[in-house]
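# An overview of the molecular structure
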Number of protein chains: 2
Amino acid sequence: MAQQHHEMTGTKTATGTGIGTGAGTGVGAAGDALTAYLQDQATDFLRSLRLHRESTTDAQGAEESLEAACALRRAARRIGATLHTFRPLLDPDWASSLRAELAWLSGTLAQEHAYATRLDRLSTALHRLSGPPQLPPPTTPVETTSEPAVAAAGVTAVGRRSARRNGWAQPPVPGTENGGTTPRGLAVGAAKAAALLERQLTLAKTRAHSTTLQAFGSSRFHAVADNVAVLASEVPLRDAARDDLQALAEQARTTLTEAVTALPLGQAGHPYNAGALSHGLAPTDTAPDAQDAPWLKVRSLLRLHRYAQEVLGHPHAEPRIADASHALNVHREAAAAAAAAAHAARTPRIAPATAYALGVLHADQRHEVEAARFAFHQAWLREEARTW
Amino acid sequence: MAQQHHEMTGTKTATGTGIGTGAGTGVGAAGDALTAYLQDQATDFLRSLRLHRESTTDAQGAEESLEAACALRRAARRIGATLHTFRPLLDPDWASSLRAELAWLSGTLAQEHAYATRLDRLSTALHRLSGPPQLPPPTTPVETTSEPAVAAAGVTAVGRRSARRNGWAQPPVPGTENGGTTPRGLAVGAAKAAALLERQLTLAKTRAHSTTLQAFGSSRFHAVADNVAVLASEVPLRDAARDDLQALAEQARTTLTEAVTALPLGQAGHPYNAGALSHGLAPTDTAPDAQDAPWLKVRSLLRLHRYAQEVLGHPHAEPRIADASHALNVHREAAAAAAAAAHAARTPRIAPATAYALGVLHADQRHEVEAARFAFHQAWLREEARTW
């Protein structure tokens, strides 16, 4: 069976190189933990793949299909990260090659979900910026929230992501009591911006869906799946001591801490430093990318560290890691949403009011980027003394 | 002399009502302090007025004229506030009437300066958002500041107001290395937005200058000046004990603390709460006004408290008052700047890129409003336990 897969995929494996193939072949405790983890994840991958196939042939299975794709990506990320961190304990070339293919796969699968999330984030933000479509006459804007004031006061912008999303069927009804001077044009702009973003991101999502379907049908995908099927039954291990596993996990931690040290944490910890929006109107749009890159890198390294801890068997040892990861996920989503707003503003022939609303939205999302950096800073420093 | 002024202005005074007229007439220590303060301020008012007249007849005196107008407003604010806070110790009708006229005067004089400040604030913000027109090749954007990195990291958006303002003669040079995909349109939008704001605010400033000149030449102004001249020589006091003065100052403090208690400080103290921008695209533009109003009210009450403490002879007893006042001055300026950006976006036939830049600018300034609330919160709570 394994041999058959190797022939199908053409991927170089440990077979015949004198390297052991997993638990029970005498590679020690390190090999046991690594093998068990990779086999678990490979099994999850294959189960998700089966669920995904079943759901896509079922007309009612859209939701299940998305869930299965999500679980598939989850397992793919963990396998890929583990192949990277513990590569010296595996066949290095085989690990690198499979990791690259898993990255391609999870990257491809992530697109559809990312566009949906982005649209949801931008619609929620536009609703927050536009206020409720109709204000109840007797209350002031401050009193329109139904939550207790203290609870509402503690809600951060980052925490607002769960806000209920209302439909954007038509523009909010302009106040009639103030007809002569109300900036209706700008309010209509918010509705038009919402419609434009919905159109652009829905189109992008539809295209991503097609790309995903094509990917699932490709020989490249089948090769990845075959490789993962091999992994589920045999892990191509070199001899490894428990110490090696810990040393490699420690190396992942060191790489992470070094990258965190390189972040502008002094600035991030100072609220309202206006750093994330600086150069937001610069002539090139590489400015936000350049300042976001080190944060996105830390996000990736946080994942490698987190999955390495899972391999070692203590996945929740550091609560701050979860908070820090969440903050950097928000960072990534807000940065992408801000870019989508800026991109939409470059659509030819849009009304100035639409462009204005997109500008406000862009700045709002860049401030969420800044807020996410602040949240990361808080999470990171909170437990530094305690945990590390 | 005093009688002549009363006839000229027609303002009701204490003359003939059996009320004492200041120091040396036996109204006690309270009267002494109040009289001395009002006379000092009235003298400052008259001196500034003389300097202003001299500088406006001098062709080189534009700078001196502005400084004199500033000093005139400073004295007018203090006289008006004192008349309000200590009204029970004075002839109440006379105090109310003169206070209203002083408010008209200082409000009128403030306009020209306010438009200049607003334009400066918006130009500085646009420069920050656009980045430097030309990046020096070897340095990264982070390194372009000449300040030490740590100091720069600690600089808040609020503190950036002193940033050097560059000329806006032409749009920034778009990067040529990336010609196909650079959002040049948006960068040109920043330059066009700057030009539009410069045009609109310079026009407003010019009009305000004319209004100021008209005000200085009006009989209404002469009436105010005559009343202040009376004040410089005789203060229409009722009998008052030192206790009364302190009780009235205490009342100003109580009014202030009550208004502060009514502020959403819980929200303001939570960084990145996104409160100031909420409803920023609402169909009516009363939304920011409604949420700004309590802060502007506290700003006024802070002034009344501050000037009452000056009357009592301890102007710098509470350092936090200066910080809190500064934060609310920034709040007011940023809110006005955000409104000016929104107003400019309603100019007919502007390009979408211009509107986009104005949207980013509006949101940026609303975030400075939020930052100012946070700064107020920090200043206020810092010394609460220590001082009060």
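Structure: above.
Residues numbered from 1 in each chain as written. Chains lettered and ligands numbered in written order. Predicted model: local features only at pLDDT ≥ 70, side-chain atom pairs only at ≥ 80, totals over all residues. Heavy atoms only, no water.

Looking at the secondary structure, you find E370(B) in helix α12 (residues 352-382). Despite its burial, E370(B) pairs with no opposite charge, the nearest such side chain being R373(B) at 6.5 Å. (Helix = DSSP H or I, 4+ residues; strand = E, 2+ residues; numbered from the N terminus. Buried < 20%, exposed > 50% of the residue type's maximum accessible area, 1.4 Å probe, protein only. Lys, Arg positive; Asp, Glu negative; His and termini not counted. Salt bridge = Lys/Arg side-chain N within 4 Å of Asp/Glu carboxyl O.)

All names here are of chain A. Closest axis-to-axis distance for the helix α4 (residues 92-130)/helix α7 (residues 219-233) pair is 10 Å, and the angle between their directions is 125 degrees. In terms of their interaxial angle, α4 and α7 are classed as oblique. Both α4 and α7 take part in a crossing whose hand is left-handed. Listed contacts from α7 to W94, L98, E101, L102, W104 and L105 of α4 are R220, F221, V224, N227, V228 and L231. In terms of residue class, the contact of α4 with α7 is made up of nine nonpolar, one polar and two charged. (Axes fitted to C-alpha atoms, helices over the stretch in contact; angles between N-to-C directions. Parallel < 35°, antiparallel > 145°, perpendicular 65-115°, else oblique. Left-handed = near helix turned anticlockwise from the far one by under 90°. Contact = heavy atoms within 4.5 Å. Nonpolar A, V, L, I, M, F, W, Y, C, P; charged D, E, K, R; others polar.)

Residues and elements named next belong to chain A. The backbone of Y272 sits at a positive phi, close to 60 degrees, despite the residue not being glycine. Tracing the backbone shows Y272 in the loop between α9 (265-268) and α10 (286-312). The class for Y272 is buried, based on a relative accessible area of 3%. One non-glycine residue, R349, lies in the positive phi region at around 65 degrees. Tracing the chain through its elements places R349 in the loop between α11 (319-345) and α12 (352-382).

Let us look at the pattern of salt bridges. Oppositely charged side chains may form a pair once their charged atoms are brought near each other. Throughout the structure, instances matching the rule amount to 22 salt bridges over all chains. Taking the shortest distance from any N to any O, the salt bridge between R78(A) and E310(A) comes out at 3.0 Å. In this pair, R78(A) sits in helix α3 (residues 62-85) while E310(A) sits in helix α10, placing the two residues 232 residues apart along the sequence. Taken individually, R78(A) and E310(A) each receive the classification buried, so the pair is uniform in this respect. The partner of E368(B) in a salt bridge is R121(B), with the nearest N and O atoms 3.0 Å apart. Here E368(B), found in helix α12, pairs with R121(B), found in helix α4 (residues 92-130); they are 247 residues apart in sequence, far enough to count as distant. For the pair formed by E368(B) and R121(B), the shared burial category is buried.

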